[in-house]
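Listed below, chain by chain, are the residues.
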Amino acid sequence: MEHDKRIKDTHLRDWVYPAESSIHGTGLFARRPIARDEYIGTYWGPQAKRNGTYVLWVYDEGDEDNAVGRSGRNMLRYLNHACPGNTAFDGFDLYAVCDIAPGDELTFDYLESEFD
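Residues numbered from 1 in each chain as written. Predicted model: local features only at pLDDT ≥ 70, side-chain atom pairs only at ≥ 80, totals over all residues. Heavy atoms only, no water.

1. Brief notes about the pattern of salt bridges
Considering all chains together, one arrives at two salt bridges under this definition. Close ionic contact of Asp93 with Lys5 constitutes a salt bridge, the shortest N to O distance being 2.7 Å. Here Asp93, found in strand β8 (residues 93-96), pairs with Lys5, found in the segment before α1 (9-12); they are 88 residues apart in sequence, far enough to count as distant. The exposure class assigned to Asp93 is buried, which follows from its relative accessible area of 10%. (Salt bridge = Lys/Arg side-chain N within 4 Å of Asp/Glu carboxyl O. Helix = DSSP H or I, 4+ residues; strand = E, 2+ residues; numbered from the N terminus. Buried < 20%, exposed > 50% of the residue type's maximum accessible area, 1.4 Å probe, protein only.)

Right under this line is the structure:
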């Protein structure tokens, strides 16, 4: 899916904002209505060498040996876990998996992996 990347917080601010979460610590919340399948933003930061706080690992199913990690530096690092979540990643790009109302917390399923 082609779209302009929302990487910097200045690009994400029209879509999301961080606030206290009832799930855990700080969460990420919708500032505007977000439609199912709509692109929200891209998880951005330097490549990670090892697992840690705010690290997102991306790999093809069954190919964990070639995982690529990013240490989150934009607001998407505040996504909390829920099963099922209302968002999902395609690579490092985040999409809504259902309609999300303003004020709703954005979540995704962290999925268990060897990196946990």
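2. Description of the environment of Arg32
Within the secondary structure layout, Arg32 lies in the loop between β2 (26-30) and β3 (39-42). For the pair formed by Arg32 and Asp104, sequence separation is 72 residues and the distance between their alpha carbons is 9.4 Å. When sequence neighbours within four positions are dropped, the list of residues in contact with Arg32 reads Asp14, Trp15, Glu38, Ile100, Ala101 and Pro102. (Contact = heavy atoms within 4.5 Å.)

3. Quick look at the pairing of strand β1 (residues 16-20)
Here β1 runs beside β2; their pairing, made up of five bridges, is antiparallel. Note on β2: the bridge partner recorded for Pro18 is Leu28. Hairpin geometry of β1 and β2 is characterised by an intervening segment of five residues between the two adjacent antiparallel strands and by a positive phi of about 50° at Gly25. (Pairing = 2+ DSSP bridges.)

4. Topic: the sheet that holds β3
Pairing within the open sheet is antiparallel, and its three strands lie in the order β3-β8-β7. Pairing within the sheet leaves two strands with one partner each, and these edge strands are β3 and β7 (87-90). The mean angle between the axes of side-by-side strands here comes to 30°, regardless of whether they run parallel or antiparallel. Taken together, the three bridges between β3 and β8 define a ladder with antiparallel strand orientation. When the sheet's bridge partners are listed, Tyr39 is paired in β8 with Tyr95. (Axes fitted to C-alpha atoms, helices over the stretch in contact; angles between N-to-C directions.)

5. Side note on the nonpolar core
Residues Val16, Leu28, Ile34, Ile40, Leu76, Leu79 and Leu106 are the most contacted members of the largest nonpolar core, which totals 19 residues. The set of elements that each furnish at least two residues to this core consists of β2, β8 and β9 (105-108). Setting aside residues up to four positions removed in sequence, Leu76 forms contacts with Leu12, Leu28, Gly41, Thr42, Tyr43 and Leu94. (Core = buried A, V, L, I, M, F, W, Y, C linked by side-chain atoms within 4.5 Å.)

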